[in-house]
Structures are given as structure tokens and as C-alpha cells.
Amino acid sequence: MTAKIPVTVLGATGTVGQKFIRLLADHPWFEVAAVAASSASAGKRYGEVVRWREGVAIPERIARLTVQECTPPLAGPIVFGAMDADVAGPIEQAFAAAGAYVVTNTRNHRMDPDVPLLIPEANLEHLALMDRQQQGRGWPGAILANPNCSTAALVLALVPLHRAFGIEKLFVSTMQAVSGAGYPGVASLDILGNVVPFIGGEEEKMERESRKILGALGPEGVTPADFAVSAHANRVATVDGHLMTVSVGFRRRVTPEEATAVLRDFRPSPRVACLPSSPTPPIEVESRADRPQPRLDLERGRGMAVTVGRVRACPILHLRLALLGHNTIRGAAGQAVQIAELLVAEGRVDRPA
Ligand SMILES: NC(=O)c1ccc[n+]([C@@H]2O[C@H](COP(=O)([O-])OP(=O)(O)OC[C@H]3O[C@@H](n4cnc5c(N)ncnc54)[C@H](OP(=O)(O)O)[C@@H]3O)[C@@H](O)[C@H]2O)c1
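For every chain, the first residue of its written sequence is number 1, and the numbers climb from 1 along that sequence. Since the coordinates come from a predicted model, pLDDT governs what is reported: local features require at least 70, and pairs of side-chain atoms require 80 or more to be given and counted, while whole-chain, interface and lining totals use all residues. Only hydrogens and water are set aside when side-chain values are computed; all heavy atoms of the structure are taken into account.

## With respect to the site of the ligand
Right, so step 1: Taken together, the neighbourhood of the ligand is formed by 26 residues, with T13, V16, S38, S41 and S179 sitting nearest.
Right, so step 2: Measuring from an oxygen atom of the ligand, one finds a side-chain N or O atom of S38 at 2.6 Å.
Right, so step 3: Polar contact is the term for a pair of N or O atoms within 3.5 Å; when the atoms are in protein, one must be able to donate a hydrogen and the other to accept it, and sequence-neighboring residues count only if both atoms are side-chain atoms. Between an oxygen atom of the ligand and a main-chain N or O atom of M83, the distance comes to 2.9 Å.
Right, so step 4: Surface exposure here means Shrake-Rupley accessible area, sampled with a 1.4 Å probe, where a residue is shielded only by the protein chains that are shown. Summarising the interface, the protein chains cover 79% of the accessible area of the ligand, which totals 910 Å² for the free molecule.
Right, so step 5: When each cavity is represented as a set of grid points, the ligand is found to reside in the largest pocket.
Right, so step 6: Every element with two or more residues in the shell around the ligand is listed here: α1 (15-24) and α4 (85-97).
Right, so step 7: The residue classification treats Ala, Val, Leu, Ile, Met, Phe, Trp, Tyr, Cys and Pro as nonpolar and Asp, Glu, Lys and Arg as charged. All others, Gly included, are polar. Looking at the shell around the ligand residue by residue, the class counts come to 11 nonpolar, 14 polar and one charged. If even one non-hydrogen atom of a residue comes within 4 Å of a molecule or strand, that residue is called near it. For cavity detection a 1 Å grid was placed over the protein atoms alone, and a set of points counts as a cavity when a 1.4 Å probe fits there but cannot get out; an open set counts as a pocket when protein lies on both sides within 12 Å along at least five of seven lines, with lining residues being those that have an atom within 4 Å of a point. Being in a pocket or cavity means that more than half of the molecule's atoms lie within 2 Å of its grid points. Segments assigned H or I by DSSP are reported as helices when at least four residues long, segments assigned E as strands when at least two residues long, and all are numbered from the N terminus.

What follows is the structure in C-alpha cells.
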């Protein structure tokens, strides 16, 4: 590909928006052509209004861009959504109605029956829901959703086990980083030296979304996977990365050795493996007893891989394990970019000549 595809980032000043700007800075196919945020930021230079929190300098070209209102049309066929969920729903619909492919990180449309809720390595075939959406809503564009950040890591780690053995019961307890709450997020006095055993709406999202992603696509849409999920969400004082401990029951007894082999051997469809943001392998299995850890394992696969460790027998369900995923990369901006790459690779968005 010679010329790059122009893209827009909505909510570009926020935690996820900044990650988009960083990840797209040197992207081989995409170029940020417009940044948009709330009316408080619109009309000012990006570099002046953003509270930049990434560990590299703001790309100079982007710092000079004027922040736009989140109103269509904006540049390019692909729009990345990273707006506050309280306002995102109708704005994303307006962009899709105006012809954009909106890859969103917000919760608003994830469970709509005609919106694909995607983890490319797990449910590539759900992309076809776009056609139903476009026909049903009469939109030239479409909305495609990223799952909630903890669901993204959890389901990516579980998909090979579900395919091989069939999940029946799933118990998950999370230790979620403060960046998952956006900026400024959790007040420092609430989280320093503390753990908060509640994240509003998170457990319900994990329980619903995991079953949709692993569900079967049929003529009537997605039938959710038939397993029970019990999720416990906790906020801990790490900056990035959601660590989870999981117990799983399957349709048959599964040994840790079998499960480890299935996780290690997992490779996505070549249609996904070839995308620039796809990590190889998508699941890294750790044999060291005290891993994964956010500080040591978060950047694996440039933040797009999940790390699984401590795969062992469970005396209540069949198997126990720990897993770690990057909440703003695999759980948000990185995977949204991967979904946009999929749209291009599948011929849904034209490549410039
Ligand atoms: N943080 C994570 O790990 C994570 C992971 C997955 C999904 N998400 C989801 O991604 C979205 C963004 O999360 P975040 O953590 O980046 O939040 P954030 O840091 O609070 O950023 C929110 C963004 O929304 C913009 N915004 C606020 N009100 C707006 C309005 N009325 N019109 C247009 N834009 C508006 C803000 O612009 P201003 O700067 O101008 O106010 C800012 O760019 C949320 O829906 C969140 O649930 C977050």
C-alpha cells in the first residue's frame, strides 16, 4: 500500500484516545487526519489541550492539529471511537449514518444484535453482522464494537480452550489497573494503598459480552454461548494492565498439560494473523510460578498478546489459571486498530491507489 488511509479519532484527548494517537503515529496503513473531543477542547490545538500521559513525545504533526467537534463528517472512511460513554451512542450512530466505519470502545452498542462485538482472533465470522446492520439501518457505514477491556483479555485467553473442550462454567476475579477508569479516573486517596472491590457495570459486561463473542452466528444473529459466568471486578493500584484469576469447568475433564498445549498452539486464522497489529502468538504461556505480572509482562506482543500462567488443576471446577492483558491496547485502542485493519484486509474499506 502506498498512500495511507485517513482516519479520525473521536475522544482523542482521553486515555484511550491518546493510545490511538501513539499507536497510529507510525502505522503502515493509516494516518490520523482528524482529532475530535468535547466542545471544551474543540477549536484548540491538540498539543495545547491534551493532558498527554504516554511515555513518548506527542507526534508533532498531531500536536498541531485543531481539535474538531465530534460531528460528522470528519476525515476518512474509518472513525475510531474513544468518547465518554455518556455521550458516545448517538454520535457514533450519526457517523455510521454519514458513511463512516466506526470502531468503538464504548459500551453503548456492544450488545446491539446487529453490531459485531469483535476479538479478531476469536470471532472473525461475526464481521458479517455488518451487512445485516447496514441493510437493517440503511446506513452506508457501520458500527463495530470492541469488548470491554477485561472481557477482551479474558476471552482471547479462553477461546482456544472453549473451542477444544467447551466451557460450561467460568469464575473470574479481576485486579484492574486505574487507567481503566480513564483520566483522572479513581481519586488517589481512594486507591493508593487500597483495593476497591467494585467497578460499576464491569461484572455484568464481562458476563454478557463473553457469551456474545463466543456465541454462534446464525441467520437470526448471534446465539450467546451457553455457559455460566461469575465475575468479580476489583480496582487495584496498578497503572496499566488487568490481571485476572480464573477457574473454568468444561464439558469433560481437562488436564493442565492438555490445556497448556492448546493455549500454546493457538494461532488465529491467516486472515487475522497477517494484520500488522496481530501478535504472534496471541497467547503467551508462562511456566514461571509467579507470572504473569503487570510490571513484567504487559508489553508482550506490543501490548496485544495476553499472558497466561499458573495453569493448574482446580478442586472445584476443572482448571485454574491467571491471565494478564493490556487494557488500553488489547482492551481498547490496539484491538480497535486491528479491527480496522481487518476491514481493509477483507476489502470492506478501499485501499488508496
Ligand atoms: N480506559 C480504558 O482502559 C478503556 C478500555 C476500554 C474501553 N474504554 C472506554 O473508552 C471510552 C474512553 O475512555 P477513556 O478511559 O479514554 O476516558 P477519558 O480519559 O475520560 O476520555 C474521554 C474522552 O471523551 C471526550 N468527551 C467527553 N465528553 C464529550 C462530549 N460531550 N463530546 C465529545 N467528546 C467528549 C473527552 O474529551 P475532552 O478532553 O475534551 O473532555 C475525552 O477525549 C469510554 O467509553 C470507556 O468506557 C476505556
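What follows picks up the thread again.
## Re the pattern of salt bridges
Right, so step 1: Here a salt bridge means any side-chain nitrogen of Lys or Arg lying within 4 Å of a carboxyl oxygen belonging to Asp or Glu. Using the criterion set out here, one finds 16 salt bridges in the structure.
Right, so step 2: One salt bridge connects R107 with D86, and the closest N-O pair in it is separated by 3.6 Å. Here the residue R107 occupies a position in the loop between β5 (101-104) and α5 (120-123), and D86 occupies one in helix α4, the gap between them amounting to 21 residues.
Right, so step 3: When a residue's accessible area, from a 1.4 Å probe over protein chains only, is under 20% of the maximum for its type it is buried; when over 50% it is exposed; and in between it is partly exposed. For R107, a relative accessible area of 44% translates into the label partly exposed.
Right, so step 4: R137 serves as the salt-bridge partner of D114, at 2.6 Å between the closest nitrogen and oxygen. Of this pair, D114 sits in the loop between β5 and α5 while R137 sits in helix α6 (residues 129-137), and the two are 23 residues apart along the sequence.
Right, so step 5: Since its relative accessible area comes to 29%, R137 is described here as partly exposed.

These figures come from the coordinates and say nothing about function on their own.
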